[in-house]
Amino acid sequence: QVQLVESGGGLVQPGGSLRLSCAASGSIRSINDMGWYRQGPGKERELVAAISSGGSTNYGDSVKGRFTISRDNAKNAVYLQMNSLKPEDTDVYYCNLHDWRGYDYWGQGTQVTVSS
């Protein structure tokens, strides 16, 4: 079993920044692909950013140039630096781990609210 613990969400004004962190623990047998997704009321969960076991990255179109994903394999951790935040970024953000069997593990979600 894998557990994902997220931190760093909160309230920020438009144009501000937040840094989300996610640490994975449990039955982790290899370096895994990890990422961040977000979901608001009545919306589908969408990709924000993902990073492969080898370090390659992929971003959702709406966050390109503003968000940066990174990882620390020694800690099984993934981070999301969010800059130039917009009200449209307000969502619950979920950490994801995609394991070697193709199974997705999810964090509990952390609220990001961008408002003046």
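Up top is the structure these notes are about.
Thresholds applied
Residues numbered from 1 in each chain as written. Predicted model: local features only at pLDDT ≥ 70, side-chain atom pairs only at ≥ 80, totals over all residues. Heavy atoms only, no water. Core = buried A, V, L, I, M, F, W, Y, C linked by side-chain atoms within 4.5 Å. Buried < 20%, exposed > 50% of the residue type's maximum accessible area, 1.4 Å probe, protein only. Helix = DSSP H or I, 4+ residues; strand = E, 2+ residues; numbered from the N terminus. Contact = heavy atoms within 4.5 Å. Pairing = 2+ DSSP bridges. Axes fitted to C-alpha atoms, helices over the stretch in contact; angles between N-to-C directions.

**Q** Tell me what's going on with the nonpolar core, and back it up with residues and numbers.
**A** By size, the foremost hydrophobic cluster in this structure holds 26 residues, and its most contacted members are Leu4, Trp36, Leu80, Met82 and Tyr93. Those elements giving two or more residues to this core turn out to be β1 (2-7), β3 (18-26), β4 (33-39), β5 (46-51), β7 (67-72), β8 (77-82), β9 (91-98) and β11 (110-114). Element by element, the count of residues in this core is highest for β3, at 4 residues. Those residues within four positions of methionine 82 in sequence are excluded, and the remaining contacts are Gly16, Ser17, Leu18, Leu20, Arg66, Phe67, Tyr93 and Val112.

**Q** How would you explain the sheet that holds β8 if you had to name every residue and give the values?
**A** Overall, antiparallel pairing links the 4 strands, which are arranged β1-β3-β8-β7 in an open sheet. The two strands at the open ends of the sheet, each matched to only one other strand, are β1 and β7. On average, each strand axis in the sheet is inclined to that of its neighbour by 15°, with strand direction left out of account. Where β7 meets β8, 6 bridges bridge the pair, whose relative direction is antiparallel. Its bridge partner being in β8, aspartate 72 is matched across the sheet by alanine 77.

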